[in-house]
Amino acid sequence: MTTTYAALLRGINVGGAKKVPMAELRKVLGDLGHDDVKTYLNSGNAVFSSASRDEDVLAAELEAAIEKHFGFSVACMVRGGPYLRAVHDACPFPAEQLAGKQLHATFFSGPPVTADRFAGIDRAAYLPEEFRLGDQVLYLYAPGGLGTSQLAPALSRPGLLKGVSATSRNWNTVKALVEMVEAGRG
């Protein structure tokens, strides 16, 4: 029996660095033995099915395959459908009332990310922007979008995320990945 997963690649195809064509990413995933491989947008989102049940092993294998194929390292996270659905359903902001560019989810790997990491951020100084933590995810409401956000850079300071990989997706992408993973279920 196979499980459908989403792979989230960090920092590819941004500003001409770390070019990963989606057709080649699909091939890399297929060469790893995964089935039903699809990509979404050009920003490092893939959905695939696998007999493996270990998301960390899948992510490590994908990272190694990308480095071998493209010659550079890329942090990858692999998440199953139930987790992505839970992230979607637990959104603390009124997602259905917001434009997709106003809401983002930052996915974390590594040790659990708790509120104490962000205790030094003066939340009132960034209003109307807000953030809330979920299960290894940070929800960011940025009414003007991520490009003009003042809070997003404060949340991604290296000191705050030490020992943790993080990658963000806008809410439209989160919804699309949930739909793709759920459509891929056996």
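Structure: above.
Residues numbered from 1 in each chain as written. Predicted model: local features only at pLDDT ≥ 70, side-chain atom pairs only at ≥ 80, totals over all residues. Heavy atoms only, no water.

Chemist: Tell me what's going on with the overall build of the protein, and back it up with residues and numbers.
Modeler: What the protein contains, in helices and strands, is five helices and eight strands. In sequence order, the secondary structure elements of the protein are arranged as β-α-β-β-α-β-α-β-β-β-α-β-α. On C-alpha atoms alone, the protein measures out to a radius of gyration of 16 Å, which is about the 16 Å that the 2.2 N^0.38 rule sets for 186 residues. With the C-alpha coordinates aligned to their principal axes, the bounding extent of the protein is approximately 50 × 35 × 30 Å. Every one of the 186 residues in the protein was classed for burial, and the buried ones make up 45%. (Helix = DSSP H or I, 4+ residues; strand = E, 2+ residues; numbered from the N terminus. Rg over C-alpha atoms; globule rule 2.2 N^0.38 Å. Buried < 20%, exposed > 50% of the residue type's maximum accessible area, 1.4 Å probe, protein only.)

Chemist: Give a detailed account of the sheet that holds strand E8 (residues 166–170), specifying residues and quantitative values.
Modeler: Judged by pairing direction, the sheet is antiparallel, and its four strands sit side by side in the order E6-E7-E5-E8 without closing on themselves. Strands with a single pairing partner mark the edges of an open sheet, and in this sheet they are strand E6 (130–134) and E8. Ignoring which end each strand starts from, the neighbouring axes of this sheet average 20° apart. Of the strand pairs in this sheet, E6 and strand E7 (residues 137–141) are connected by five bridges, and their pairing is antiparallel. The partner of Arg132 across the bridge, within E7, is Tyr139. Packed onto the sheet, helix H3 (residues 81–89) meets strand E5 (103–108) and E7 and runs at close to 35° relative to E7. On top of the sheet, helix H5 (residues 171–183) reaches E5, E7 and E8; it is set at about 90° to E8, its chief contact. (Pairing = 2+ DSSP bridges. Axes fitted to C-alpha atoms, helices over the stretch in contact; angles between N-to-C directions. Contact = heavy atoms within 4.5 Å.)

Chemist: Can you tell me about the nonpolar core, naming the residues and giving the values?
Modeler: Among the nonpolar cores identified, the biggest contains 23 residues, and Phe107 and Trp171 are the most heavily contacted of them. Contributions of two or more residues to this core are made by strand E1 (3–9), H3, E5, E7 and H5. Element by element, the count of residues in this core is highest for H5, at six residues. When neighbours within four sequence positions are excluded, Phe107 is seen to be in contact with Leu8, Met77, Tyr83, Leu84, Val87, Gln136, Val137, Ser165, Ala166, Thr167, Arg169 and Val174. Listed in part, the 21 residues of the second largest apolar core include Leu9, Val20, Ala65 and Val78. (Core = buried A, V, L, I, M, F, W, Y, C linked by side-chain atoms within 4.5 Å.)

Chemist: Hey, could you go over the pairing of strand E4 (residues 76–80) for me, with residue numbers and the actual values?
Modeler: Across the five residues of E4, five count as buried, placing the element largely inside the fold. Because side chains alternate across E4, one face comprises the buried residues Cys76, Val78 and Gly80, and the other comprises Met77 and Arg79, equally buried. Direction of pairing for E1 relative to E4: antiparallel, over a ladder of five bridges. Bridging across to E4, Tyr5 finds its partner in Gly80.

Chemist: Break down the packing of helix H1 (residues 22–31) against helix H2 (residues 55–70) for me, with residues and values.
Modeler: One can describe the packing of H1 onto H2 by two numbers: an axis separation of 10 Å at closest approach and a directional angle of 125°. Taken together, the axes of H1 and H2 lie oblique to each other. The chirality of how H1 crosses H2 is right-handed. Contact residues: Glu24, Leu25, Val28 and Leu29 in H1; Leu62, Ala65, Ile66, His69 and Phe70 in H2. Grouping the amino acids of the contact of H1 with H2 by side-chain chemistry returns seven nonpolar, one polar and one charged. (Parallel < 35°, antiparallel > 145°, perpendicular 65-115°, else oblique. Left-handed = near helix turned anticlockwise from the far one by under 90°. Nonpolar A, V, L, I, M, F, W, Y, C, P; charged D, E, K, R; others polar.)

Chemist: Run through the sheet that holds E1, naming residues and quoting values.
Modeler: Taken in spatial order, the four strands make up an open sheet running E2-E3-E1-E4, and their pairing is antiparallel. The strands lining the two open edges of the sheet, one partner per strand, are strand E2 (35–40) and E4. Averaged over all pairs of adjacent strands, the angle between strand axes in this sheet comes to 25°, irrespective of strand direction. On the sheet, H3 packs against E1 and E4 and is oriented at approximately 90° with respect to E4. Seen against the sheet, H5 touches E1, E2, strand E3 (45–50) and E4 and runs at an angle of roughly 165° to E2.

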